[in-house]
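Each chain, written out:
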Amino acid sequence: DARVTQTPRHKVTEMGQEVTMRCQPILGHNTVFWYRQTMMQGLELLAYFRNRAPLDDSGMPKDRFSAEMPDATLATLKIQPSEPRDSAVYFCASGFLGPGNQPQHFGDGTRLSIL
Amino acid sequence: ELKVEQNPLFLSMQEGKNYTIYCNYSTTSDRLYWYRQDPGKSLESLFVLLSNGAVKQEGRLMASLDTKARLSTLHITAAVHDLSATYFCAVDGGAQKLVFGQGTRLTINP
């Protein structure tokens, strides 16, 4: 089965460090999403891309977060500088906007802890 | 702004019983998704509901959509322990931009 692949699966780092999370979407999907999951806020959409173009990043703190899609097989989410409140599970999902309305497929997530 | 509310948020039930999880949303949409999440795991797609009156069934789970009432239900029939998980509904706010409910943590006891 085709899968969304995220790396790393776990990341522990100190406050102020740069964090980069990577995502390989399912081949043929034209939309990539970044979500953050916390106990308090639930699942929040941070940003998403269609055909590699950023469509909406209104859910992301602009001063420290950035999302890019340098090619069709790689999406990245960076936090610089990281803060303890960024600790969460970050999910990448991919989907195809077109006939059929297939669901988004989620990766296994990156569990991030900022000390 | 699209808001999605699930209830109950926590549900503990016995094996063999039936129950329903409700998902209400605030603005018009004709696409609704149900996902399952096991602890520490990813989200797994269960159902895609695309039109008013849509009903989908898989095993002991059945989902329905009433777009006029802005309501979806996930019905569990004769629950078994393996169905213990957190269930999320998500509503498409346009161009696949999903807004998720808070999730319903379901625990099924022997």
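Look up a bit, the structure's there.
Because the structure is predicted, anything quoted here is derived from the model rather than measured.

Chemist: It is not clear to me how the layout of surface pockets should be interpreted in this structure. Could you clarify?
Modeler: Roughly 260 Å³ of volume is contained in the second largest pocket. Forming the walls of the second largest pocket are 16 residues, and the residues nearest its centre are R3, F106 and D108 of chain A together with S42 and L43 of chain B. Contributions of two or more residues to the lining of the second largest pocket are made by β10 (105–106) of chain A together with β4 (32–37) and β5 (43–49) of chain B. Of the residues belonging to the lining of the second largest pocket, the class tally is five nonpolar, four polar and seven charged.

Chemist: In this structure, what is going on with the state of the cysteines? I would like to understand it.
Modeler: Linking two cysteines covalently via their sulfur atoms produces the bond known as a disulfide. Residues and elements named next belong to chain A. Considering all chains together, one arrives at two disulfides over all chains under this definition. Two residues share a disulfide in this structure: C23 and C92, whose sulfurs sit 1.9 Å from each other. Taking the torsion about the S-S bond as the criterion, the C23 to C92 disulfide, at about -60°, is left-handed. Here the residue C23 occupies a position in strand β3 (residues 19–24), and C92 occupies one in strand β9 (residues 88–95), the gap between them amounting to 69 residues. Across this residue pair, the class does not change: C23 and C92 are buried.

Chemist: Mind showing me how you'd approach the environment of A90 of chain B here?
Modeler: Among the structural elements, A90 of chain B can be located in strand β9 (residues 85–92). Contacts of A90 of chain B, omitting those with residues within four sequence positions, involve R31, L32, Y33, L98, V99 and F100 of chain B.

Chemist: How should the sheet that holds strand β8 (residues 71–76) of chain B be read in this particular structure?
Modeler: Pairing between sheet strands relies on hydrogen bonds along the backbone, with the strands arranged either parallel or antiparallel. All names here are of chain B. Reading across from one edge, β1-β3-β8-β7-β6 is the order of the five strands in this open sheet, with antiparallel pairing throughout. Either end of the sheet is taken by a strand with one partner, and the two such strands are β1 (4–7) and β6 (55–58). On average, each strand axis in the sheet is tilted by 15° relative to the strand beside it, whichever way the strands run. Note: strand β7 (residues 61–66) against β8, six bridges, orientation antiparallel. Paired with L61 across the bridge in β8 is I76.

Chemist: Is there a simple way to explain the pattern of salt bridges in this structure?
Modeler: Opposite charge on two side chains makes pairing possible when the charged atoms of those side chains draw close. Residue and element names in this part refer to chain A. Applying the stated criterion across every chain, the model contains ten salt bridges over all chains. With a shortest N-O distance of 3.5 Å, R64 and E83 are connected by a salt bridge. Taken as a pair, R64 in the loop between β6 (53–56) and β7 (65–71) and E83 in the loop between β8 (74–79) and β9 lie far apart in primary sequence, 19 residues in all. For E83, a relative accessible area of 23% corresponds to the partly exposed category. R64 is the partner of D86 in a salt bridge, and the nearest nitrogen-oxygen pair spans 2.6 Å. Taken together, the residues span a long stretch of sequence, with D86 in the loop between β8 and β9 and R64 in the loop between β6 and β7 at a distance of 22 residues. With relative accessibility at 1%, the residue D86 sits in the buried group.

Cut-off values and rules
Residues numbered from 1 in each chain as written. Chains lettered and ligands numbered in written order. Predicted model: local features only at pLDDT ≥ 70, side-chain atom pairs only at ≥ 80, totals over all residues. Heavy atoms only, no water. 1 Å grid on protein atoms, 1.4 Å probe; cavity = no way out; pocket = protein on both sides within 12 Å on 5 of 7 lines; lining within 4 Å. Points joined across faces, edges and corners; volume = space filled by probe spheres on them. Helix = DSSP H or I, 4+ residues; strand = E, 2+ residues; numbered from the N terminus. Nonpolar A, V, L, I, M, F, W, Y, C, P; charged D, E, K, R; others polar. Disulfide = S-S within 2.5 Å. Buried < 20%, exposed > 50% of the residue type's maximum accessible area, 1.4 Å probe, protein only. Contact = heavy atoms within 4.5 Å. Pairing = 2+ DSSP bridges. Axes fitted to C-alpha atoms, helices over the stretch in contact; angles between N-to-C directions. Salt bridge = Lys/Arg side-chain N within 4 Å of Asp/Glu carboxyl O.

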